[in-house]
Structure formats: structure tokens, C-alpha cells
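Residue-level structural notes
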Amino acid sequence: MSQDTSQPVHDHTSPNGQRAPLAIVGIGCRFPKADSLEEYWSNIRRGVDAISDVPTDSHWDPDDYFDDDKNKPDMTYARRGGFLNPIDFDPLEFGVAPTNIEATDTTQLLGMLAARDALRDAGYATARDATDGRPFDRDRCSCIMGVTGTLELVIPLGARLGHPIWRRALKEAGVDDATTEDVVQRIADGYVPWQENSFPGLLGNVAAGRIANRFDLGGSNCVVDAACASSLSAVHMAAMELWAGRADMAITGGLDTFNDIFMYMCFSKTPALSPTGSAKPFSADGDGTILGEGLGVLILKRLDDAQRDGDKVYAVIRGIGSSSDGRGNAIYAPSSKGQTKALRNAYRDANVSPDTIELIEAHGTGTIVGDATEVRALKEVYGEGTEAGEEGTEARRHGGTEGSEEERTSNVPWAAIGSVKSMVGHTKAAAGVAGLIKAAMAVNRGVLPPTIKVDEPLDEFADAPVYVNTEARPWLTHADHPRRAAVSAFGFGGSNFHCVVEQPPAPTGAPAARDENAIDFDGRVVVLPLSADSREALIELLDAFETDTTWQELRVESAVRRAAFDGQRPCRLALVLERDRHDLSQTIAKAKQLLASQPNADSFATPDGIYFDGGPTDRKLAVLFPGQGSQRVGMLRDLACTCADVRQALEQANTAFARASAESNGHTCRLSDHVYPIPSFSDDARAANESALRDTRVAQPALGAVEAGAWRVLQRFGIHADAFAGHSYGELVALWAAGRIEDSALHDLSNARGRLMAEVAAQHGEQAGAMLAVFAPRDRVETLVAIESPNVVLANHNAPEQVVLSGSVDDTDSLAKAFESRNIRCKRLPVAAAFHSSFVADAETPFADALVGVAFEPGDTPVYANSTGDPYPADASDARRLLAGQLANPVRFVRQIQAMHAEGVRTFVEVGPGRVLTGLVGSILTECDHAAIALDTESSASGTSGGNSGGDVSGGSLYNLACAVARLAVLGHGVDLKRFDAQTDRASIGSEKPSKPRKPRMTVRLAGAYYVPPRPP
């Protein structure tokens, strides 16, 4: 007699009816151009368009079915979509006989693969006796998947049954019997044949059954069909299993590889497809959706259980709302009424208020009617302001400041809206889970992800509390609630689902889903360093690389090389490669050519990421921080979206900015909202954002925040400086970086300095003066100034042939004409006052007063001063006096750089937006041994600091960061390269180099379409 292993069922709700929060502890997925979760999230964050032409080798040929006429029978007007990358699938790994592959739909096969990846990601064993993860109670694990109807395999199998029709048609056409049978057989051979396994192979429910069978799961096993809401419906049912206590773990999500001509015909005759071949959710020129394939699988547990079991947690599901449209105009027409019910049910279920939701991953298909209906539903629910939820807040979400109910319901939007369908297409049964994974990663990584292809949003957004987010932006937390998102999925037949997810709580002994301090490189950038005793030895190491190395193999090999790299060896080389941008074999060939052709060069660096150094390793390193004028809307955005250090610095700056704004009755927006504002759709709006950031009260604290965060990122690699300096405002950041002042002092003083300088400018109006950049030698400029306008003073000596002058508006205008008449290039700077001159001397005393309460530590790293060119004094009083006087004294940047070089500094790193200071250092030390490195190399090097740095908007890319780190490593600055892509390093390798993965026993090449084995000729 077998033992009864069943357990009592417990209802996991609190006495007040609140359901237990659920944890997403594992994710496995495959979507267009993404074979893993890492690639999927990377593509989302970077706004990659994964839509392509229909792959004729695996799917169908548009030339056979395409016609521009939407009404043409049996033809489609679409020829693009989102398709899975082909993979080598090992059927034996999943218990499928190779002979049965043809009779098994790819949804079932790839669904097992996605489930396996999810289990592994969660750290759980894929079999009872497996050692690839922890054991779990398989009898208490349910598998509920979203799948729409029968699977794609039913189409070719059904098509084979048309042979009576073919025979009759041929006979009526007068074709003889022998030819008829030959033709019928030829047609039949074009479709997969019926066999014993065809019936289970075409059933949707078997997609879940195979997962339960393969991984030996004893809980509920079924699929849910709610059309395009199927996967969120499945998550809903899985959640109810956990809430009801009928399961302790659930494998759920959605599976859809049905992208054949039949599915295109269904959507074409609705008609719902985009004639232009691009889904543009919430765009005014949206013209329909585009179809996609995808599989997304989640591992869910109750949050308390996940924390008890030491699971990592990506995100927490707080609640799920559902509804039906009821009676409407058409069974497939969207209903605003039905959607609002689902939204309200979700927020009631989650016990949260809509004004705490800052990201909405909408259904957003790209159809004008559907998208407009969804926006109207959101406006109705979100426009109601806070409800009676326990976590409703009285704080304005966008501004982050206290306000009245009237202010909270004003037209300032607070929730970003988007749809991943703009990137991967409408993945139908997997659409909801595609959005849920996106939202879970967003709350986990602290990024508001973009929606692409929107040049102008729908008119419905004009007065909506939601806005279309078209670029990745850092998602900073609020003090009163975690990052929180909501996900919608709606299906034909009036099925509506809405899910609330939020940032996981801080780990209590359990590992986080990722190292919060890790830099999120998404596996797209590698640093491959090599060290040896000679150039010849480096060339031999390069020769050892195989030309057919895959990207994943390169990542593993690079991790091994980073662990073994010795920055003190006589010869050091580093290659920085970005996926889809650099070719390994070509990069290696170029590196070898450079090593061989430049035998006497101690060092070289190429724009495409090849760095070599064979010089001394005892060089000193100086870190430089740019000043006002370098700020740009979106500055260092990529680092802010991928590095927690930058977000933490921004959050600290937000707090200080809010405090300063409250005291001065100034700005009401968060500081970070000026740096990374809601996306604009007009030149006027973009210009207004740039203008707002130029406000001295905003520019200086904003620069301080991003520069402080960027320096902390470099410190993660073990980089330390032998000297610091800043240009104008940047000197304050330099003092902080050297440990002379604390974090809070940096942000408070940044606000005070900016406010005081703005007040001086406001008080004096045009009498506050102006600034003029002149590109000529200092002595020539001073000679002309003495003749034409002796009251004008030199404010910045930036380079041998670049100075900035300060004076009255009339005097600087007169000088500009004098320079131009002599063909001397000059540029009026868009500043509020004549900085670094007597025109702003009124700010010196109050700034000195603000410095009185600031503790100045002696510090052990010199900070070179603008005013003197010498290191700051150790004495706190003297340091305060020097810093206050800097406001009205000239910036002697040339003298600073020369003084640092004289003290042995040979490497200068610019930490901040742009590369202005890097260019200045290069022009100052033209004839001297030095290396000047910018963290943000995408901005133009033209312009000036202390006024207007010029240059393009830059995101401060991860590739730039990798290049800076790699170059510092080969220069011998003690960089800990093991911190690069650290999580991948730990996951991919141990302490020794791994062997190359063995080829699977046998594989078949699978794409999303059903598998057809090669036919004999």
C-alpha cells in the first residue's frame, strides 16, 4: 500500500482578506532576437527592434501569399513579424525520440526548454535525482500555461486530409489517374505525415503536460486559453493555486510559436495587421499590430516561502485583477468598461493605489482603436487620484513633494506607459508574460524601459496622468513605496487581466536576483586582456584564439583571461568588443598588425577598443570632474540605468534638492526629473528641458550627482586616484571624491552654490555680465583685451589656445566684434552671469557662510585648486576660504594640469558627461608623456568648460566604460578586472578554465515553425 503524501490545504490570506504576496524566483524565456532572459532584457533596455522579414527557410514565403489588397481572398498584406532564432535542440535531453520530433509541435518542445531554463535560473534541480540545483517538493508544484487553442501542427496535418478534394479537382480537369496519384502524393509530401504521436503533438494542453511529465511535477497540470490574455490568465490561475494552498510552487507563463500563414491570415482578415510592418503602440500613426513568437516561463512561490528557502526574488506579485467585457458591440472589440473593472480589481486585490504605479506595461497592440480604448480606461482609473488603499500616498509621484489633492490630480503625468510589442511583435498567448517579465526586470533593475516607434503619441495622452516612455531612464525609488508596475493583457472574447508587481524587499539572508552593486553589462560587452613578457608572446596568445569562437565562448574565455591578467607584466594588451559591433577575428588581426608594425611604440590606443602598453606601471593617476556647461539632458543615462551607484547618488541628490527647493520655494520637480525628464515630442519641449537644466540651481547639483555616481562606479573596479581636480563647479566634486567633504555636504553645497550664483544673476540682470570663449593664445587675447576692453578679465585659462573672458554685456559684445574682425574664433556662452569674476563676488560671502558648518577632513589625496593651481591646504579653515573665493577668481586650468604633470601624474581620467577636459589636457600636454581618458567618449570634444561644453547628447555607454577600464588596466593602474561582468564570471567559470562544451548527442535545428526533416531527393 502506497503512503499518502498529500498535505492539508491552507488558505494563504490574512484575516482582513489580503492575499499573500507572491515571488517570481525564476525566469526562462525565448523571444525574437533573444535566446535568454539576459538577452531579452538587454534588447528591451536598449530599444532593439526585433521585427524582421518572414524567414522563408523555416516559415512561409510571402511571395506566395502577399497582396497589398486587404480584401484579396486567401492573401495577406503583411510580410514581417517577430521570429525566434533557430537553435540546436537535443530531443534526448527532454525524453523525446528523434523520430517523434516531426509529430510534436515546437510549442511543446521549446516550452520544455524554457521551463528547464526557469528551473535552473531559480536554482532548482531539473529532476528528482539531478545535481544541477536544489531539490523541491515536486508533488506540490503545479504547471499552468497559457496556450491558444490547438497548436500550429494541426494546420499541416489537417491540410493532408484534403486529398479527396485534390483528386476530384484533378479528375474534373481531365488528368489521368496515374498523374493524379503522383500529384496527390507530391502535395501530401509537402506536409508532415500523420503518425502515432501526432494527436498529442498538436494538442495545446500537452504543452503543459510535457513540462509536468519531463520534470516530474505532481500538482495541477493544464493550459488556459484566453486568446491574447492567455499567459496572464495562466499566471492568475497559478497564483490562486498558491493563495489557496494547493501548491507551494508553480511553473506558469505563456507559450506561442504559432506564426505561420494561417495565423497571419486570421489577423489579416480581421483586419488587424500593420500594412507598414511595424507595431507602433500608442503612436498617432499606428496602423495595426505585427505578429511575434515567444515563450515565457515563470517560477512562482509565496514570498514568505521564497525568503525562508533562500530564493532569489526578481519581483513580487501583489495582486491580479480580472474581468469580462460583458455585452458589447463585437466579441473582438475592446471595451474600456471591461478594462477599468480589471484595473480596479487588481488595485483592490493588491491593496495599493494607482498613484503608486510608475510603470504600466500595457496591452498596446498598435491598433488605433485598441490603444485609444486602453488609454481612456487608464485615464478613468488613474484620474481618480488615490483610493482607499492601504498604500495610497499623498505625495505627488512625479514631483515627489507633498501636495494637496488638487495638485495630485493635476495634469502632470507620473506613470510611464509602454508595450514590448513595439520590439517583438504581438506574441499572442505569450503576450502577457512577455510584458510581465519586462515589468519584473524593470522593477528589479531600476529602469523605466522604452517603447520604440512613437514619434507622436495619441491625442488621448494630452490630459492623461500617463505618458509614453520612449527612452530608457533610471527608475529611482520613493521613500514611501517601492518601485511598482502594472501589466495588462486583453483577449478576444472580452477577457481582461491586470497584474501589479513591485520591487522585491531587501534580502534577509537570501541572495538577491543580482548583486545590487554589480554593473549590468547584459553580456554584450567583453574586455579581453592579455599580459606577457614581450610583444611576441602577446602575438602568440592571440594566435591561440579560434576563429569560430562563439560569443558565449568568448565571454567565458574573457572571464578566464581577466582572472589571470597581471597589470605589472612588461606588456599588456586589452581588446574591448561589443556584440554585433565587433568581429573577434578582425580585431585580433588588427591587434597583431599593430603589435608587429609599431615595435618602438610604448603604447597605442585605437578608437575601436584596442589598447596596448609596454611602459612603466608606476604612473600616477588624476581624476578630473567637469563643471557647469558640461551638463546635458540624459547625461550618463546608460550608466544610470545599469549601475546602482549612479542611481544611489541621484537619490541622495534628490533628497537634498527637495530640501533646498522647499526652503527657497524654487523647483518642485525632483532633480533627477530635470536630468532624465519625461520624453518630449517637439523641438520646443526638448529645448525647454535643456533650458531648465542650464538653470544654475539645477545644473550644479545635477552634475554633482552623476559625477559622484560615475566615480563610485570606477571605484568598484579598485581604481584609486593619486590626485583630483575639477573645473569650476567640478572642484566641489573633486573635494568630495578626495574625502575632504561627506556625501551630504556635496549635495547641500551644490544646491547652495547653484542657488547663490543664480540669485546674483537674477539681482543684477544684464549687469551680471556675460562670458566669451576665445580660441587663441592667452598673450594675444590679453593684448587685445587691454586695448579694446580693459575692464574685461580672464575667467578661465583652459588651454594654450583657449581662454574664457568675463565682463559686462557691452564689453564682451564689443570684444567679440574685435576678435571676429581679426579672424579670431570666439563664442558667446549661454550663462546667467560673468562667472569667476567680480560680477559674482556677492555670492562669495554667503557661500563662505554655508561652508562654516561643513567639516573639512584633511584627506590623504591632493586636490589641485582652480585659483592657485596648487593642492588644497590641509587646514579646514584655509580650505573653506579657498573654496569660497573660487567663485570670483579665475580658473587656471592650464597651471593645474601642468602642476599635476610635474608631480608625476601621467594618466588623466575625466569622470562626468562629455570629454571637454580630456581635450583640454591633450592640448596642454601635447609634447609631454600622458594619457587622457574620458568616461563618456560619445560627446563632442569641442566647446569649453565653465561656460558651454558643446557636444551631442550622450548616454555614457557601457562600451565607453569598458574602454576606460580596459585602458586603465593596461596602463598599470591596478584595475580589478574580475569585477567586470562579475556575475557572469562567477556563473560561467570556477577558478580554472573550463573545457569547451561538448556537442550534444544529436540535435535538430528548431525555429518557431513546426519541424520538417530533410526529405530525400
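Residues numbered from 1 in each chain as written. Predicted model: local features only at pLDDT ≥ 70, side-chain atom pairs only at ≥ 80, totals over all residues. Heavy atoms only, no water.

Focus on the sheet that holds strand β20 (residues 610-613)
In space, the four strands of this open sheet follow the order β17-β18-β20-β19, with antiparallel pairing throughout. Edge strands, defined here as strands with exactly one partner in the open sheet, are β17 (525-532) and β19 (603-605). Each strand of the sheet is rotated relative to its neighbour by a mean of 10°, with strand direction disregarded. Together, β17, β18 (571-578), β19 and β20 form the strand contacts of helix α19 (residues 584-597), whose direction differs from that of β18 by roughly 150°. (Pairing = 2+ DSSP bridges. Helix = DSSP H or I, 4+ residues; strand = E, 2+ residues; numbered from the N terminus. Axes fitted to C-alpha atoms, helices over the stretch in contact; angles between N-to-C directions. Contact = heavy atoms within 4.5 Å.)

Concerning the packing of helix α26 (residues 743-764) against helix α29 (residues 844-852)
The N-to-C vectors of α26 and α29 enclose an angle of 165°; their axes lie 10 Å apart at closest approach. The angle between α26 and α29 falls in the class roughly antiparallel. In this structure, α26 meets α29 at a crossing whose hand is right-handed. Across from L749, A752, R753 and L756 in α26, the residues of α29 making contact are P846, F847, A850 and L851. Grouping the constituent residues of the contact of α26 with α29 by class yields seven nonpolar, no polar and one charged. (Parallel < 35°, antiparallel > 145°, perpendicular 65-115°, else oblique. Left-handed = near helix turned anticlockwise from the far one by under 90°. Nonpolar A, V, L, I, M, F, W, Y, C, P; charged D, E, K, R; others polar.)

A few points about the sheet that holds strand β24 (residues 793-799)
Spatially, four strands are ordered β24-β25-β23-β26 in an open sheet, and the strand pairing comes out antiparallel. Single-partner strands in this sheet number two, and they are β24 and β26 (826-828). Each neighbouring strand pair of the sheet contributes to a mean axis angle of 20°, computed without reference to strand direction. With three bridges connecting them, strand β23 (residues 770-774) and β26 associate as antiparallel partners. Its bridge partner lying in β26, L772 is registered against R828. Helix α27 (residues 778-788) rests against β23, β24 and β25 (802-807) of the sheet, and its axis sits at about 25° to β25. Seen against the sheet, helix α28 (residues 809-821) touches β23, β25 and β26 and runs at an angle of roughly 20° to β23.

Things to note about the packing of aromatic side chains
Scanning the entire structure with this criterion turns up twelve aromatic pairs. Aromatic pair F31 and Y40: ring centres 4.5 Å apart, planes at 25°, arrangement stacked. Note on W60 and Y65: the rings are 6.0 Å apart at their centroids and 80° apart in plane angle, and the pair reads as edge-to-face. Members of the aromatic cluster, connected to one another through ring pairs, are W60, Y65 and Y264. Taking NZ or CZ as reference, R79 lies 4.6 Å from the ring centre of F66, over its face. (Phe/Tyr/Trp six-rings, centres within 6.5 Å; stacked < 30°, edge-to-face > 60°. Lys NZ or Arg CZ within 6 Å of the ring centre and 35° of its normal.)

Considerations on the packing of helix α21 (residues 644-664) against helix α24 (residues 696-715)
One way to put it is that α21 packs onto α24 with a least axis distance of 7 Å and a crossing angle of 150°. The angle between α21 and α24 falls in the class roughly antiparallel. The crossing of α21 and α24 is right-handed. Counted together, D645, V646, A649, L650, Q652, A653 and F657 of α21 and R697, V698, P701, A705, V706, G709, A710, R712 and V713 of α24 form the full contact between these two elements. Per-class residue counts for the contact of α21 with α24 are eleven nonpolar, two polar and three charged.

What about the side chain of S283?
Mapped onto the elements, S283 comes out in the loop between α10 (261-268) and β8 (294-302). One polar contact links S283 to D285, side chain to side chain, over a distance of 2.4 Å. Not counting residues up to four positions away in its chain, the partners in contact with S283 are I368, K453, V454, D455, E456, P457 and L458. (Polar contact = N/O pair within 3.5 Å; in protein donor to acceptor, adjacent residues only side chain to side chain.)

Comments concerning helix α32 (residues 916-924)
Listing the buried residues of α32 in full gives V916, L917, T918, L920, V921 and I924. Those residues of α32 that are buried lie in contact with β21 (620-625), β24, β25, α31 (893-902), β28 (905-910) and β29 (931-934). (Buried < 20%, exposed > 50% of the residue type's maximum accessible area, 1.4 Å probe, protein only.)

Here we look at the nonpolar core
Here is a general trend for soluble globular proteins: nonpolar side chains tend to be buried in one another's company. The biggest cluster of nonpolar side chains holds 100 residues, and the ones touching the most others in it are W711, F724 and L961. A per-element tally of this core places helix α33 (residues 958-970) first, with eleven residues. The contacts of W711, once residues within four sequence positions are left out, are V623, F625, I719, H720, A721, F724, W736, A737 and V911. In this structure, A34, A440, A442 and V487 belong to the second largest nonpolar core, which totals 60 residues. (Core = buried A, V, L, I, M, F, W, Y, C linked by side-chain atoms within 4.5 Å.)

Things to note about the environment of P21
Tracing the backbone through its elements, the reader meets P21 in the segment before β1 (22-30). Residues P21 and A658, 637 residues apart in the sequence, show an inter-C-alpha distance of 32 Å. With residues near it in sequence (within four places) discarded, P21 still touches R302, L303, V316, I317 and R318.

Some words on unusual backbone geometry
In this chain, T270 is followed by P271 through a cis amide linkage whose omega measures -10°. By the secondary structure assignment, P271 is in the loop between α10 and β8. Despite not being glycine, H836 has its phi angle at roughly 60°, a positive value. Topologically, H836 is positioned in the loop between β26 and α29.

Let's talk about the environment of L295
By the secondary structure assignment, L295 is in strand β8. Once the C-alpha coordinates of L295 and A434 are considered, the two residues, 139 residues apart in sequence, prove to be 7.9 Å apart.

Remarks on a nonpolar patch on the surface
On the surface, a nonpolar cluster with roughly 360 Å² of combined accessible area is contributed by I331, Y332 and F492. Relative to the elements of secondary structure, I331 occurs in the loop between β9 (315-324) and α12 (336-350). Taking the relative accessible area as the measure of exposure, I331 reaches 62% and is therefore exposed. (Patch = residues over 30% accessible without salt bridge, like charges linked within 9 Å, V, L, I, M, F, W, Y side chains within 5 Å. Areas by Shrake-Rupley, 256 points an atom, 1.4 Å probe, with all protein chains shown as cover. Salt bridge = Lys/Arg side-chain N within 4 Å of Asp/Glu carboxyl O.)

A word on the pattern of salt bridges
Note on pairing: side chains with opposite charge can pair once their charged atoms come close. Here the structure, examined in full by the defined rule, presents 58 salt bridges. Between R579 and E39 there is a salt bridge; the shortest N-O distance is 2.6 Å. Placement of the pair is R579 in the loop between β18 and α19 and E39 in helix α1 (residues 37-46), with a sequence separation of 540 residues. On the accessibility criterion, R579 (27% relative accessible area) is partly exposed. For E39, a relative accessible area of 14% puts it in the buried group. Counted as one network, the salt bridges with shared partners bring together R134, R140, D248, K301, R302, D305, R308, D309 and D311.

A few points about the pairing of β17
Here β17 lies mainly inside the structure; eight of its eight residues are buried. Here β17 shows no split at all, with V525, V527, P529 and S531 on one side and V526, L528, L530 and A532 on the other all buried. Pairing between β17 and β18: eight bridges, direction antiparallel. Along β18, the bridge assignment pairs L530 with L573.

Considerations on the pairing of β28
Most of β28 is tucked away: five of the six residues are buried. Bridging between β21 and β28 involves five bridges; their strand directions are parallel. Among the inter-strand pairings, L624 is bridged to a residue of β28, identified as E910. Of the pairings in the sheet, the one linking β28 to β29 comprises four bridges and is parallel in character.

Some remarks on the confidence of the model for the chain
Do not read the fine detail of predicted coordinates wherever pLDDT is low. Averaged over every residue, the pLDDT of the chain is 89; the share at 70 or more is 90%. For the stretch residues 386-410, pLDDT sits under 50, and the model shows 62 contacts to residues farther than four places along the chain or on other chains. (pLDDT = per-residue confidence, 0-100.)

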